[in-house]
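Chain residues, written in single-letter form:
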Amino acid sequence: MDSDKSGDNPPDFIPPTKIAYISGRPAAIHLRKCKLVMEHPDGTTMEYIFDQPTVAIGAMDDNDVVVDDDTVSRYHCRIYSDDNSYLVQDLGSTNGTYVNRVRIREAFLKPGCALTVGKTDVRFQSLDERVEIQPVNRDKFGRIVGKSVRMREIFSILEKIAPTGVTVVIEGETGTGKEVVARTIHEASRRAKGPFVVFDCGAVPENLIESELFGHEKGSFTGAIMARQGLFEVAGDGTIFLDELGELSTDLQPKLLRSLEQREIRRVGSNKPIKIDVRVIAATNRNLAEEVKAGRFREDLFYRLSVVRIILPPLRERKEDIPLLVRHILSRALFNQDADGNTQVKGVSRDALDAMMNYSWPGNVRELVNVSERACAYADGEYITLEDLPETISGIGIVRRRPSPEAATANEKIDEVSGKPFKEAKEEWLSTFERDYIVNLLTRNSYNISHAAREAGIDRKYFRKLMKKYSIEAKEDDSA
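Residues numbered from 1 in each chain as written. Predicted model: local features only at pLDDT ≥ 70, side-chain atom pairs only at ≥ 80, totals over all residues. Heavy atoms only, no water.

Peer 1: If you had to explain the overall build of the protein chain to someone new, which residues and values would you point to?
Peer 2: The helix and strand inventory of the protein chain stands at 15 helices and 25 strands. Here the protein chain holds 480 residues, and the buried ones make up 49% of them. For the protein chain, contacts bridging at least 24 residues in sequence account for 60% of all contacts bridging at least 6. Entry remark: accessible area of the protein chain is about 24000 Å², with carbon and sulfur atoms responsible for 48%. (Helix = DSSP H or I, 4+ residues; strand = E, 2+ residues; numbered from the N terminus. Buried < 20%, exposed > 50% of the residue type's maximum accessible area, 1.4 Å probe, protein only. Contact = heavy atoms within 4.5 Å. Areas by Shrake-Rupley, 256 points an atom, 1.4 Å probe, with all protein chains shown as cover.)

In structure tokens, the structure reads:
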């Protein structure tokens, strides 16, 4: 007799690992776990507690629960969680999987039910720990700094979820420090000794994304001269960070979903499944819920990834963190160190800090890092002054101490080229325009190349070509 999932509602609602928000603020977090009690023939028992979304059961050593039973298949079954329940799925085992003595292909698990694999009985229980979110009493968590209430609430959430294996989606505007938060989660997890692999969904041509993520076999497509591991394999027992998740095409979304649900991938050009054990953290500056409504993002993938969603506030909503962030940047950034590693600029003058506090920071923390780097280059003494800041922040006209080609005014440029032949003058003028245009776009978009290219209305590869032509490099930050 086979039993399949049926009905709109599972037998028992099991609260998922979720953050409860009230009026936009985190109020509590539900940590969902499952407990498996294996009953041995001699009467002894073994308990397993899991907080990960999928638990593999079988005779092979790479299963989460290894069963020493000749009647159990190598990969016998798996328990996995959906939005509000646990299910068990038989993986084509020889002797079948049973729930309360009924053979199943896939079925909901009710707390207290008996799961039988081969001749071994396993008792299933669900655990739900509800933890109130209270701001922690410190201004740092791993790589992240902040003393505002919202950041200290996020620190409290990270403390609870980092050690677990739950999938996390980090949302927030460009430059709010999503990758820094992802790295911090990894470094505070049980996977900290494993690799942290970053994949930017918006930086790789669409036709190469599948190969980058899942790998390929030799000869699977033109140019595949040898077999190659994908990033899911490279990540091993560590963490893969999918940045700019909202840029992933709808054609690739079901393949990602299948890999996450089955915990296995297939290289391009191969039918052989490869087991994976990797934690997934994703980030986006888009509102994924709105993307789902618009049909640009799969609803099932959204719910599969959004086990825990963390929403990072923009810098303009936590301005009390600016002094702390600036001190953190100046004390750690390589651009503020001499050849011996000594800090050069010690701090910020009162009027300069006031100006920074009054600025809206559309580029968020990344813009703050870039402004700090510029100010350190301009500073004559140990403190950043008002004159060292960009005019948009200081509110005053600045006579630059270190003039650069892009600082010339239009009239000055005309004077420079007026004595040259028209064609030569025109080419020099256009070159200056192109460079200034690219630099201005990058600055406005906090050096996010994808966004700058989109605003310019040109292909991202051509935008990079122009950057290379004028030796313009994108800058990165490591602060949040």
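Now, onward.
Peer 1: Describe in detail helix H9 (residues 350-357), supporting the description with residues and values.
Peer 2: Among the residues of H9, Ala 352, Leu 353, Ala 355 and Met 356 are the ones counted as buried. The buried residues of H9 all sit within an arc of 155° when viewed along its axis, so they share a single face. In this structure, the buried side of H9 is in contact with helix H8 (322-332), strand E24 (347-348), helix H10 (364-378), strand E25 (383-384) and helix H11 (391-394). (Arc of directions from axis to C-beta.)

Peer 1: An account of the sheet that holds strand E16 (residues 196-200) is needed here, citing residue identities and associated values.
Peer 2: What the five strands build is an open sheet, ordered E16-E19-E22-E15-E23; its pairing is parallel. The open sheet is flanked by E16 and strand E23 (308-311), the only strands paired with a single partner. With strand direction ignored, the average angle separating the axes of adjacent strands in the sheet is 20°. Two elements, strand E15 (residues 168-171) and strand E22 (residues 279-284), share four bridges in a ladder whose sense is parallel. Bridge pairing in E22 places Ile 170 opposite Ala 283. Each of E15, E16, strand E19 (239-243) and E22 is contacted by helix H2 (residues 178-187), which is oriented at about 155° to E15, the strand it contacts most. (Pairing = 2+ DSSP bridges. Axes fitted to C-alpha atoms, helices over the stretch in contact; angles between N-to-C directions.)

Peer 1: I'd like to hear about the pattern of salt bridges, residue by residue, with values.
Peer 2: Using the criterion set out here, one finds 26 salt bridges in the structure. The closest approach of N and O atoms between Arg 228 and Glu 212, which form a salt bridge, is 3.5 Å. Residue Arg 228 is located in strand E18 (residues 228-229), and its partner Glu 212 is located in helix H3 (residues 206-214); the two are separated by 16 residues in the primary sequence. On the accessibility criterion, Arg 228 (34% relative accessible area) is partly exposed. Assessed through its relative accessible area of 23%, Glu 212 is described here as partly exposed. Put simply, Glu 264 and Arg 266 hold a salt bridge, and the shortest N to O gap is 3.7 Å. Through salt bridges with shared partners, one network takes in Glu 247, Arg 286, Glu 291, Arg 296 and Arg 454. (Salt bridge = Lys/Arg side-chain N within 4 Å of Asp/Glu carboxyl O.)

Peer 1: Summarise a nonpolar patch on the surface; cite the residues concerned and give the values.
Peer 2: On the surface, Trp 429, Leu 430, Phe 433 and Tyr 437 cluster together to form a nonpolar patch covering roughly 380 Å² of accessible area. Here Phe 433 shows up in helix H13 (residues 422-444). Look at Phe 433 and you get partly exposed, because its relative accessible area is 48%. (Patch = residues over 30% accessible without salt bridge, like charges linked within 9 Å, V, L, I, M, F, W, Y side chains within 5 Å.)

Peer 1: Please give an account of unusual backbone geometry that cites residues and values.
Peer 2: Here Arg 101, not a glycine, exhibits a phi torsion of approximately 70°, which is positive. Along the chain, the position of Arg 101 falls in the loop between strand E8 (97-99) and strand E9 (102-104). With a phi close to 60°, Asn 364 is a non-glycine residue in the positive phi region. For Asn 364, the location among the structural elements is in helix H10.

Peer 1: Quick one: what's the story with the sheet that holds strand E4 (residues 54-58), residue by residue and with numbers?
Peer 2: Taken in spatial order, the five strands line up as E5-E4-E6-E7-E10 in an open sheet, and their pairing is mixed. Strands with a single pairing partner mark the edges of an open sheet, and in this sheet they are strand E5 (65-66) and strand E10 (106-108).

Peer 1: Pulling in residues and values, what's your account of the packing of H8 against H10?
Peer 2: Between H8 and H10, whose axes approach to 10 Å, the crossing angle comes to 55°. Put simply, H8 runs oblique to H10. Here H8 runs over H10; the crossing is right-handed. The segment H8 lies against H10, with Leu 325, Val 326, Ile 329 and Leu 330 engaging Val 365, Leu 368, Val 369, Ser 372 and Cys 376. Here the residues of the contact of H8 with H10 sort into eight nonpolar, one polar and no charged. (Parallel < 35°, antiparallel > 145°, perpendicular 65-115°, else oblique. Left-handed = near helix turned anticlockwise from the far one by under 90°. Nonpolar A, V, L, I, M, F, W, Y, C, P; charged D, E, K, R; others polar.)

Peer 1: Describe the environment of Gly 165, with residues and values.
Peer 2: Here Gly 165 lies in the loop between helix H1 (149-161) and E15. Residue class for Gly 165 comes out buried when judged on its relative accessible area of 18%. Residues Gly 165 and His 186, 21 residues apart in the sequence, show an inter-C-alpha distance of 9.8 Å.

Peer 1: Tell me about the pairing of E22, and please be specific about residues and values.
Peer 2: Here is the key point about a regular strand: its side chains alternate between the two faces of the sheet. With respect to burial, E22 is a largely interior element, six of its six residues being buried. Burial of the side chains of E22 extends over both faces: Arg 279, Ile 281 and Ala 283 are buried on one face and Val 280, Ala 282 and Thr 284 on the other. Sheet analysis places E19 next to E22, joined by four bridges and oriented parallel. In the sheet register, Phe 241 faces E22, and the bridge partner there is Ile 281.

In short, shape yes, function no, at least from these values alone.
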